[in-house]
Each structure stands twice: as structure tokens, then as C-alpha cells.
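Chains, contacts and geometry: an overview
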Amino acid sequence: MEALLKKGIKEIIDQYPDVEKILDDYGIGCGPCSVGICQLKDIVDIHNLPEDQEQELMQKIAGIIYPGQDIKIPAGKKKAPAVADEIKYSPPMKQLVDEHVLIKRWIALIPAVVKNLDLESGEGRQLIRDGIDMIQSYADRYHHAKEEDILFKYFDEDSEILQVMYEDHTAGRGHVRAMLEAFDRKDKATLGEHLLAYRDLLTEHIKKEDEVLYPWMDRNLSTTQVGELFSKFSGVDEKMGFSPDKYLKFIEKLEKQFNDQEEWV
Ligand SMILES: [Fe+2]
Ligand SMILES: [Fe+2]
């Protein structure tokens, strides 16, 4: 059974087409999903079925794959009890919220970076290059692209709430262009101005997404769509060959630098 849990769902459905019908009965529509790289264990986890239904579903799938055999189904993971006032996100939305956490750690450092701006030394210039790279590569090309190219497509893109999000992303890109120009001119004042403006913009933007947009989207997505999103996000991660480690190291180094020298802040 453990080996089965680690199999890709497409592979299972190809071999045992009846599994698709069983998943459908539980509102899990893996069949039409064109990505389909999720493992069976992910499918079970993502859809967060009540424990008894999860066991029932797994028993039915095992019955098709191992007919006539008495297969022991592993107990589902203990689901965390709900904490009052804590927002519960679906797994794909939680990924975006986790990406926000890393972005927020960077923007929290921006005031100290601006206060100590050094566009003359190699080290000072590298810090700014790395900071802007994190905005362009991680926050924009990776995270915002997941939102714009995948998540937002599930909703009416002309709706006000999404228009506001698009405008914020566009405004952020404008600040980055201005930062790069100021960096080339060694114009500290303008660079600092746009770094701080970007920080203010993203702080509000992330708050809107975490507290309003994502919970609303979660309420309006079907379980099938949540599964599709999870699969598509995993596809983006694989295609980009992306590891946030580089940015995590950058943030940790800066946090250490500024925390060790509090008078800099
Ligand atoms: Fe966004
Ligand atoms: Fe976001």
C-alpha cells in the first residue's frame, strides 16, 4: 500500500481506469487534469476528506488494485485542530502564503538597507543587486507569475479584487525599473525612495492577499480545482528547477548582519 501511495495518480488511472470514477464520487477530479503529477498520497492529503471518508476511499481503490486481498490502509495523518481566528488555507494557497513569509522577511530589512546604502563598494553594490534579484526572480517571476498565470485564471480577471492585485504587481514592477536606473546612476536618494515605496506597497498587498483574497478564493474553489492548483504549482516548481535556498541564505545573512550591529538599524 505504501508503494501505491507514492505512485503518480495519472499512472494509476491509466492502469486502473475505474479509480477515476471512485475519485470522482468523492469530488476529486484528477482525470481531466492535464498535469496530473500528484502522487496518490498528495491527493488524499490535499482534499482533506474527513477521516472515515478517506479510509473508505482508500479501501475502494485498494479493492480495485488488489482484488480479493485484505489490504491494511494506513491511518490518515492527524489533522491539526482548528485554532480560533487562524485562517485555514488549502495546500496550494498555503504555499503562496509561505512564499509571502520569505518576501516579508526581505522587506522588513529594507529600512536598515536604505539607512546603510553603499553604492560605492563592491560589497554594498552586491547587496543591492541581490536584493533586486530577489524581487525580480522570487517575488515577481516565481510568486507573482504563479498568481497571474495560474491562480487568477480561475476567477473573473475583470473583477475589482483582481484588478487591484494586478495594479499592485504592475506598480511593483515600476518601482523595480526605477531602482535599477537609480542603481546605475549611483543615485542613493532615488534608490532608497523606491525601495521603501516597494516595501510599503508589498506590505499592504500581502496583507490583502493573506487576509482577504486567498480565503475568498479558497471558499470559491471546488476540491477538484484545489487539486489542480496544487498540481500546477508543483509543475511550475519543477520547470523552474527553482530552490528558494539562495534567497533564504541571502535573507539570513542580512538578518544576522543587521541584528549583530543594531546601531545600523
Ligand atoms: Fe500578488
Ligand atoms: Fe502574493
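Here, every reference points to the structure presented above.
Please read these numbers as outputs of a predicted model, since none were measured by experiment.

1. Section: the coordination of the iron ion (ligand 2)
In an ideal tetrahedron of four donors about a metal, each angle is 109.5 degrees. In an ideal octahedron of six donors, the angles are 90 or 180 degrees. For the iron ion (ligand 2), the full set of protein donor atoms is His 100 (NE2), His 143 (NE2), Glu 147 (OE) and Glu 209 (OE), and the range of their distances to it is 2.1 to 2.2 Å. In this structure, the iron ion (ligand 2) is surrounded by four donor atoms whose angles at the metal cover 86 to 167°, and the resulting shape is irregular. Read in sequence order, the donor residues for the iron ion (ligand 2) give the motif H-x42-H-x3-E-x61-E. In this structure, the iron ion (ligand 2) lies 3.3 Å from the iron ion (ligand 1), and both are coordinated by Glu 147. In this pair, His 100 sits in helix 6 (residues 91-115) while Glu 147 sits in helix 7 (residues 122-149), placing the two residues 47 residues apart along the sequence.

2. Describing the coordination of the iron ion (ligand 1)
Within the first shell, the iron ion (ligand 1) binds the protein through Glu 147 (OE), His 169 (NE2), His 205 (NE2) and Glu 209 (OE), at distances of 2.1 to 2.2 Å. With four donor atoms in place around the iron ion (ligand 1) and angles of 84 to 176° between them, the coordination shape is irregular.

3. Things to note about the packing of aromatic side chains
Each aromatic ring pair is characterised by the separation of its centres together with the angle its planes make. Applying the stated rule across the entire model yields five aromatic pairs. An angle of 35° between the planes, with centres 5.3 Å apart, marks the rings of Tyr 138 and Tyr 142 as tilted. Residue Tyr 138 and its partner Tyr 142 are located together in helix 7, separated by four residues, close to a single helical turn. Taken together, the ring pairs connect Tyr 138, Tyr 142 and Tyr 247 into an aromatic cluster. Note that Arg 125 overlies the ring of Phe 183, its terminal NZ or CZ placed 4.1 Å from the centroid. Residue placement shows Lys 146 over the ring face of Phe 233; its charged tip is 5.2 Å from the ring centre.

4. Some details on helix 8 (residues 160-185)
Taking 1.5 Å as the rise per residue, helix 8 with 26 residues should run 38 Å; its terminal C-alpha atoms sit 38 Å apart, in good agreement. Taken together, the buried positions of helix 8 are occupied by Leu 162, Met 165, Tyr 166, Asp 168, His 169, Gly 172, His 175, Val 176, Ala 178, Met 179, Ala 182 and Phe 183. Tucked into the core, helix 8 has its buried residues touching helix 7 and helix 9 (188-220). Looking at the residues trailing helix 8, positive phi occurs at Lys 186, about 55°.

5. Examining the nonpolar core
Core analysis: the biggest nonpolar cluster contains 33 residues, and Trp 106, Ile 128, Met 134, Leu 191 and Leu 254 have the highest contact counts within it. Sorting the residues of this core by element identifies helix 6, helix 7, helix 8, helix 9 and helix 11 (245-260) as the ones contributing at least two each.

6. As for the side chain of Arg 125
Looking at where Arg 125 falls in the secondary structure, it is placed in helix 7. Of the side chains bearing the opposite charge, Asp 184 lies closest to the buried Arg 125, which forms no salt bridge; the N-O distance is 5.0 Å. A polar contact of 3.1 Å, which involves the side chain of Arg 125, links it to the backbone oxygen of Leu 119. Excluding anything up to four places from it in sequence, Arg 125 contacts Asp 118, Leu 119, Glu 120, Phe 183 and Lys 186.

7. Quick notes on the packing of helix 6 against helix 9
Across the interface, helix 6 lies against helix 9 with an axial gap of 9 Å and an inter-helix angle of 160°. Put simply, helix 6 runs roughly antiparallel to helix 9. Between helix 6 and helix 9 the crossing geometry is left-handed. Considered class by class, the residues forming the contact of helix 6 with helix 9 number 17 nonpolar, three polar and five charged.

Reading the values: rules and limits
Residues numbered from 1 in each chain as written. Chains lettered and ligands numbered in written order. Predicted model: local features only at pLDDT ≥ 70, side-chain atom pairs only at ≥ 80, totals over all residues. Heavy atoms only, no water. Donors = N, O, S within 2.8 Å, 3.2 Å for Na, K, Ca; no water. Tetrahedral: all angles 85-135°; square planar, octahedral: opposite > 155°, others 65-115°. Helix = DSSP H or I, 4+ residues; strand = E, 2+ residues; numbered from the N terminus. Phe/Tyr/Trp six-rings, centres within 6.5 Å; stacked < 30°, edge-to-face > 60°. Lys NZ or Arg CZ within 6 Å of the ring centre and 35° of its normal. Expected span 1.5 Å × (residues − 1). Buried < 20%, exposed > 50% of the residue type's maximum accessible area, 1.4 Å probe, protein only. Contact = heavy atoms within 4.5 Å. Core = buried A, V, L, I, M, F, W, Y, C linked by side-chain atoms within 4.5 Å. Lys, Arg positive; Asp, Glu negative; His and termini not counted. Salt bridge = Lys/Arg side-chain N within 4 Å of Asp/Glu carboxyl O. Polar contact = N/O pair within 3.5 Å; in protein donor to acceptor, adjacent residues only side chain to side chain. Axes fitted to C-alpha atoms, helices over the stretch in contact; angles between N-to-C directions. Parallel < 35°, antiparallel > 145°, perpendicular 65-115°, else oblique. Left-handed = near helix turned anticlockwise from the far one by under 90°. Nonpolar A, V, L, I, M, F, W, Y, C, P; charged D, E, K, R; others polar.

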